[in-house]
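Summary of structural features
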2 protein chains.
Amino acid sequence: MNRLYVIGIGPGDHENMTLKADRALRQCDLICGYHVYVDLIKDLYPGKEFLTTGMTKEADRCRMAIDAARGGKTTCMVCSGDSSIYGMAALIYELRGETDDPAIEVIPGLTAACSGGALLGAPLTHDFAVISLSDRLTEWSLIESRLTHAAQADLSMVLYNPASKSRPDHLKNACDILLRVLPEDRICGVARNIAREGEQAQLMTLGQLRTAHIDMFCTVFIGNSMTTVINGKMVTPRGYRNV
Amino acid sequence: MNRLYVIGIGPGDHENMTLKADRALRQCDLICGYHVYVDLIKDLYPGKEFLTTGMTKEADRCRMAIDAARGGKTTCMVCSGDSSIYGMAALIYELRGETDDPAIEVIPGLTAACSGGALLGAPLTHDFAVISLSDRLTEWSLIESRLTHAAQADLSMVLYNPASKSRPDHLKNACDILLRVLPEDRICGVARNIAREGEQAQLMTLGQLRTAHIDMFCTVFIGNSMTTVINGKMVTPRGYRNV
């Protein structure tokens, strides 16, 4: 049976990968993915064949992986973070279609909500929304609606893809939308280069976040109305102390 | 330095744990947690000391772990899923307060949004909300507001704690709230006993979910307007095929 594993490698270091992901990568023939993610793990799996593509070549990358698996090579398609949350698993299923060849196993990994949250403290102990600020595949009006509803529902938020070279003002615009509902002193956190060189955690208010220097290696956390700072950590209590 | 690790063990099997969580558990003196979660991993870490408490004893459990660490035992507090997302990390920070004793490291783990998503297919490839249906610590009116806003924003949803013996009708009530906004044929999925004995994935419509037999070992996924079924899997496309 031809096999394709769609693997979430987590934030990027070996330690934050699951045992299952590590085993699949050790046992496969071919590792396929966006070149930045493949470079993160290449040295850990010597002797493998590697196939990479550049940014925004998602469909090409997935077709290559499906074709390689159909050709008999046990193939791992690697995604940063989780393989399903903004990852390639859906596109792999779409492109494979109504057939079982190759057999697909989606191996989950730590998404930035988990790994970035741990770096900042414990910001997501209650209900939250995960929203990407990239409007490459999504109308900005829909992103705006999601931010507004999440703020009105007092959900904590994790903002993925908060900025890139082609959209330097997205986070500022998102903050302006949130500030229509939320106060300026709402606790926020920025996790940068999670589990990679240059790892950094910063806490700030929503007002300060609006003009903060944020790049594509950042994940942004917006607290809910209960979020507080304890000994330098961003903490959203669930209410266990009130029981 | 006294050390306390707050560890997300993932869904429950060894394979879905991270290398970092596994190493911390192997190297510690004492493993502390809710007895059901400790039982899941006890046999993997022979020779350790174990301290467990029953359900709803969260503050007792965390105080025990902090005290043990302050007494010089390198301690691991285990949480199912992630250590921060509905986990004990926030309460540990709250109870430690404004001191660095013990040193705390939060080690993230696979939350059910990741592990259950992988079991069902790829339901969370676009923006989503994570909402617990437990009203033990949260007013039902707030849960209702969050469900309504998430539906209005066309967010996919993951519902944690969808049912228990003391609240058998919560999921039915939640579906009734969602059905004010969403169509009856909205694609939904139920992941049961993820990575444990009796693991099961079921797809159904929102109308069917309303009367489905759901217990406390289930995590429920609600699709967004783009979610579809491909070869038996729940898939939410992100739109890469349209580029």
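These remarks concern the structure in this document. (Residues numbered from 1 in each chain as written. Chains lettered and ligands numbered in written order. Predicted model: local features only at pLDDT ≥ 70, side-chain atom pairs only at ≥ 80, totals over all residues. Heavy atoms only, no water.)

Details of the pairing of strand E1 (residues 3–8) of chain B
Residue and element names in this part refer to chain B. Burial runs high along E1: 5 of the 6 residues are buried. One ladder, built from 5 bridges, connects E1 with strand E5 (residues 103–107); its direction is parallel. Of the residues in E5, the one forming a bridge with Ile7 is Ile107. (Buried < 20%, exposed > 50% of the residue type's maximum accessible area, 1.4 Å probe, protein only. Helix = DSSP H or I, 4+ residues; strand = E, 2+ residues; numbered from the N terminus. Pairing = 2+ DSSP bridges.)

Quick look at the environment of Lys172 of chain B
The topology assignment puts Lys172 of chain B in helix H7 (residues 170–179). For the pair formed by Lys172 of chain B and Gly207 of chain B, sequence separation is 35 residues and the distance between their alpha carbons is 9.8 Å.

Focus: the sheet that holds E5 of chain B
Residues and elements named next belong to chain B. Strand order across the open sheet formed by 5 strands is E3-E2-E4-E1-E5, with parallel pairing between neighbours. Among the strands making up the open sheet, the edge pair consists of strand E3 (49–53) and E5. Each neighbouring strand pair of the sheet contributes to a mean axis angle of 20°, computed without reference to strand direction. The sheet contacts of helix H4 (residues 89–96) involve E1, strand E4 (75–79) and E5, and relative to E5 the element is tilted by about 170°. (Axes fitted to C-alpha atoms, helices over the stretch in contact; angles between N-to-C directions. Contact = heavy atoms within 4.5 Å.)

Digging into H4 of chain B
All names here are of chain B. Summarising burial for H4: 8 of the 8 residues are buried, a large majority. Among the residues of H4, Ala89, Ala90, Leu91, Ile92, Tyr93, Glu94, Leu95 and Arg96 are the ones counted as buried. Phi turns positive one or two residues past the end of H4, at Gly97, with a value near 75°.

So, the nonpolar core
Judged by nonpolar contacts, the single largest core of 37 residues is most densely connected at Phe128 and Val158 of chain A together with Phe128 and Val158 of chain B. Secondary structure elements with two or more residues in this core: helix H5 (112–120), strand E7 (128–132), strand E8 (156–160) and strand E9 (187–192) of chain A together with helix H5 (112–120), strand E7 (128–132), strand E8 (156–160) and strand E9 (187–192) of chain B. (Core = buried A, V, L, I, M, F, W, Y, C linked by side-chain atoms within 4.5 Å.)

Some points on the pattern of salt bridges
Tallied over the full model, the rule gives 23 salt bridges over all chains. Linking Asp60 of chain A and Arg63 of chain A is a salt bridge whose minimum nitrogen-to-oxygen distance equals 3.8 Å. Taken as a pair, Asp60 of chain A and Arg63 of chain A lie in helix H3 (residues 58–70) at a separation of 3 residues, close to a single helical turn. Judged by its relative accessible area of 39%, Asp60 of chain A falls in the partly exposed class. Between Asp127 of chain A and Arg146 of chain B there is a salt bridge, and its shortest N-O distance comes to 2.8 Å. Of this pair, Asp127 of chain A sits in the loop between strand E6 (121–122) and E7 while Arg146 of chain B sits in helix H6 (residues 140–152), which puts the two residues in different chains. An identical accessibility class is assigned to Asp127 of chain A and Arg146 of chain B; each is buried. Each of the salt bridges in this network shares a partner with another, and the network as a whole consists of Asp127, Asp154 and Arg186 of chain A together with Arg146 of chain B. (Salt bridge = Lys/Arg side-chain N within 4 Å of Asp/Glu carboxyl O.)

Remarks on the relation of the copies chain A and chain B
One copy of the chain maps onto the other through a rotation about an axis followed by a shift along the same axis. Laying chain A over chain B is done by rotating through 180° and shifting 0.0 Å along the axis; what remains is an RMSD of 0.0 Å. Look at the turn and shift together and you get a two-fold axis relating the two. (Least-squares fit on C-alpha atoms with pLDDT ≥ 70 in both.)

Some points on the side chain of Arg61 of chain B
Residues and elements named next belong to chain B. By the element assignment, Arg61 lies in helix H3 (residues 58–70). Although buried, Arg61 forms no salt bridge, and the nearest oppositely charged side chain, Glu58, lies 4.7 Å from it. At a separation of 2.8 Å, a polar atom in the side chain of Arg61 contacts the side chain of Thr53. Every residue in contact with Arg61, bar those within four places of it in the chain, is listed here: Cys32, Gly33, Tyr34, Thr53, Gly54, Met55, Thr56, Met77 and Met88. (Lys, Arg positive; Asp, Glu negative; His and termini not counted. Polar contact = N/O pair within 3.5 Å; in protein donor to acceptor, adjacent residues only side chain to side chain.)

Observations regarding unusual backbone geometry
Residue and element names in this part refer to chain A. With omega at 0°, the peptide bond leading from Asp101 into Pro102 counts as cis. For Pro102, the position within the fold is in the loop between helix H4 (89–96) and strand E5 (103–107). Even without a glycine there, the phi angle at Asn231 is positive, about 50°. Along the chain, Asn231 turns up in the loop between strand E12 (228–230) and strand E13 (233–235).

Considerations on the interface of chain A and chain B
Opposite the 72 residues of chain A that make contact, chain B presents 72 residues. Buried area between chain A and chain B, summed over both chains or domains, comes out near 6,600 Å², and the portion from carbon and sulfur atoms is 59%. Where Glu15 of chain B meets Arg23 of chain A, a salt bridge forms, and the shortest distance between an N and an O atom there is 3.1 Å. Here chain A is connected to chain B by 33 residue pairs in polar contact (both at pLDDT 80 or more). Within the residue set of the side of chain A that touches chain B, elements represented by two or more residues are helix H1 (19–27), H4, H5, E6, E7, helix H6 (140–152), E12 and E13 of chain A. Top element by residues in the side of chain A that touches chain B is H4 of chain A. It accounts for 7 residues. (Buried area = accessible area lost by both parts, 1.4 Å probe.)

Here's the deal with the packing of H6 of chain B against H7 of chain B
Residues and elements named next belong to chain B. The geometry of H6 relative to H7 is characterised by a closest axis approach of 9 Å and an angle of 45° between their N-to-C directions. By the angle class used here, H6 and H7 are oblique. In this structure, H6 crosses over H7, and the sense of that crossing is right-handed. Contact with H6, carried on its side by Trp140, Glu144, Leu147, Thr148 and Ala151, involves His170, Asn173, Ala174, Ile177 and Leu178 of H7 and no other residues of that element. Partitioning the contact of H6 with H7 into residue classes produces 6 nonpolar, 3 polar and 1 charged. (Parallel < 35°, antiparallel > 145°, perpendicular 65-115°, else oblique. Left-handed = near helix turned anticlockwise from the far one by under 90°. Nonpolar A, V, L, I, M, F, W, Y, C, P; charged D, E, K, R; others polar.)

Focus on the packing of aromatic side chains
As enumerated under the stated definition, the model contains 4 aromatic pairs over all chains in all. Ring geometry for Tyr34 of chain B against Tyr37 of chain B: centres 5.0 Å apart, planes inclined by 85°, an arrangement best described as edge-to-face. Judged by its relative accessible area of 12%, Tyr34 of chain B falls in the buried class. The class for Tyr37 of chain B is partly exposed, based on a relative accessible area of 21%. Sitting above the plane of the Phe50 of chain A ring, Lys42 of chain A keeps its charged end 5.1 Å from the centroid. (Phe/Tyr/Trp six-rings, centres within 6.5 Å; stacked < 30°, edge-to-face > 60°. Lys NZ or Arg CZ within 6 Å of the ring centre and 35° of its normal.)

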